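Survey of secondary and tertiary structure
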Amino acid sequence: MPQKKKNAPQIISLDAFGSAKNYWLCWIQSPLPPFSFANKVRKELRHPCAYIGGISLEDIHPNLQFPMYYMSFNQEFDINLVILANHVTAPMEMSLSQENPLFGGLLFEDDYYLFNKQGLTKIQFSYPQADYLLLLSADKQVDLEDYIGMLPQLSDTKFLCQDTPQNIAESQKKSKLVLDFLQYLYYESEASVNEYLRKKLFRKLHNKMSVSENNYERLRFPVEANRMITSGLLRREEV
């Protein structure tokens, strides 16, 4: 029986990415810090915006976390916008891995990027020094054009590039690596959005997501203690 090769590269299939949802994203420049920028987007687009955590790069450094903010255009069709910071201040400990700390180390505060053309960055990218990524997603039957058209109207911002993840990846040298990472960003941000909405609903129901057996009359069979409330009415948009 042939032996398996050691350290064989792990192949991640991207065939299903984009089959259930429509995705679109852009890289932009803005002088504002993350909270102020998210607040500006909230005011100009006139939709609530909430902090939902961050994208972590623990494989690079445990303290590297890029903040995310979430805005919903329509919850019924999952039309969501995630604002993701493209760079954060790099931990000073990262300078210890430089071969020559005097010339290549972080003598002063430096930034670590998710995407950048040079310097400390996760993915080499042809558009340099973007401050934010806007990740737009929706159910497959939704046309995103109307929502895409709203974003370039943001004041005091410069759009570096915008397109679908597949088209963006194809324009880069390492297209497979870029698309793989974009898929990771979308899936991680969607998981954070779902967790945020779950906690929000949980608080709305006063930390009760199940119905006690005492609320039922003339039961023939006992009700499961963990029977969850699943009505879609709970998730309707506020009037």
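Anything mentioned here points back to the structure above.
Quick caveat, the model's predicted, so the values are computed rather than measured.

**Overview of the overall build of the protein**
- In terms of helices and strands, the protein carries five helices and nine strands.
- Ordered by position in the sequence, the α and β elements of the protein form the string β-α-β-β-β-β-α-β-β-β-α-β-α-α.
- Across the 239 residues in the protein, those meeting the buried criterion constitute 39%.
- Long-range contacts, defined as pairs at least 24 residues apart, comprise 64% of the intrachain contacts of the protein with a sequence gap of at least 6.
- When the accessible area of the protein is evaluated, it comes to approximately 15600 Å², of which 51% is carbon and sulfur surface.

**Details of the sheet that holds strand β1 (residues 21-29)**
- The antiparallel open sheet is built from six strands, whose spatial order is β2-β3-β4-β8-β1-β9. Here the strands that pair on one side only, and so sit at the sheet edges, are β2 (49-56) and β9 (158-163). Neighbour to neighbour, the strand axes of the sheet diverge by 25 degrees on average, direction disregarded.
- The strands touched by helix α1 (residues 34-45) are β1, β2, β3 (65-74), β4 (79-85) and β8 (132-139); relative to β3, the strand with the most contacts, the crossing angle is about 10 degrees.
- Across the sheet, helix α5 (residues 175-204) lies against β1, β2, β3, β4 and β8, angled at about 135 degrees from β2, the strand it touches most.

**Regarding the sheet that holds strand β5 (residues 87-89)**
- Overall, mixed pairing links the three strands, which are arranged β5-β6-β7 in an open sheet. Strand pairing shows two members of the sheet lacking a second neighbour, β5 and β7 (121-124), which therefore form its edges. When strand polarity is set aside, the average angle formed by the axes of neighbouring strands in this sheet is 15 degrees.
- Pairing geometry for strand β6 (residues 111-116) and β7, over three bridges, is parallel. Across the sheet, the residue bridging to Asn116 is Gln124, located in β7.
- Contacts from α5 reach β6 and β7 within the one sheet, and its direction differs from that of β6 by about 110 degrees.

**Quick notes on the nonpolar core**
- Counting residues in each nonpolar core, the largest one holds 36 residues, and the members touching the most others are Trp27, Phe66, Leu84, Phe115 and Leu185.
- Examining the composition of this core, we find that seven residues originate from one element, α5, more than from any other.

**Looking at unusual backbone geometry**
- Of note in the backbone geometry, Arg46 takes a positive phi value of approximately 60 degrees without being a glycine.
- Looking at the element boundaries, Arg46 is found in the loop between α1 and β2.
- Backbone geometry places Asp78, a non-glycine residue, at a positive phi of 50 degrees.
- Its location among the elements puts Asp78 in the loop between β3 and β4.
- Assessed through its relative accessible area of 29%, Asp78 is described here as partly exposed.

**A look at the pairing of β1**
- Where burial is concerned, most of β1 is hidden: eight out of the nine residues are buried.
- The pairing of β1 with β8 spans eight bridges and is antiparallel. If you follow Trp27 over to β8, its bridge partner there is Leu133.
- Across five bridges, β1 lies against β9 in antiparallel orientation.

**Side note on the pattern of salt bridges**
- Applying the stated criterion to the full structure yields five salt bridges.
- Glu44 is the salt-bridge partner of Lys40, the closest N and O atoms lying 2.8 Å from each other. Taken together, the residues Lys40 and Glu44, both in helix α1 and four residues apart, mark about one turn of the helix.
- On the accessibility criterion, Lys40 (12% relative accessible area) is buried.
- The partly exposed category is assigned to Glu44, whose relative accessible area is 33%.
- Between Asp59 and Lys122 there is a salt bridge, with its nearest N and O atoms 2.8 Å apart.

**A few points about the side chain of Lys40**
- At 2.8 Å, the side chain of Lys40 and the side chain of Glu44 are in polar contact.
- In terms of polar contacts, Lys40 uses its side chain to reach the backbone carbonyl oxygen of Ser155, at 2.5 Å.
- If near-sequence neighbours (up to four positions away) are discounted, Lys40 is found in contact with Leu32, Ser155, Asp156 and Thr157.

Calculation notes
Residues numbered from 1 in each chain as written. Predicted model: local features only at pLDDT ≥ 70, side-chain atom pairs only at ≥ 80, totals over all residues. Heavy atoms only, no water. Helix = DSSP H or I, 4+ residues; strand = E, 2+ residues; numbered from the N terminus. Buried < 20%, exposed > 50% of the residue type's maximum accessible area, 1.4 Å probe, protein only. Contact = heavy atoms within 4.5 Å. Areas by Shrake-Rupley, 256 points an atom, 1.4 Å probe, with all protein chains shown as cover. Pairing = 2+ DSSP bridges. Axes fitted to C-alpha atoms, helices over the stretch in contact; angles between N-to-C directions. Core = buried A, V, L, I, M, F, W, Y, C linked by side-chain atoms within 4.5 Å. Salt bridge = Lys/Arg side-chain N within 4 Å of Asp/Glu carboxyl O. Polar contact = N/O pair within 3.5 Å; in protein donor to acceptor, adjacent residues only side chain to side chain.

What is shown is where atoms sit, not what they do.
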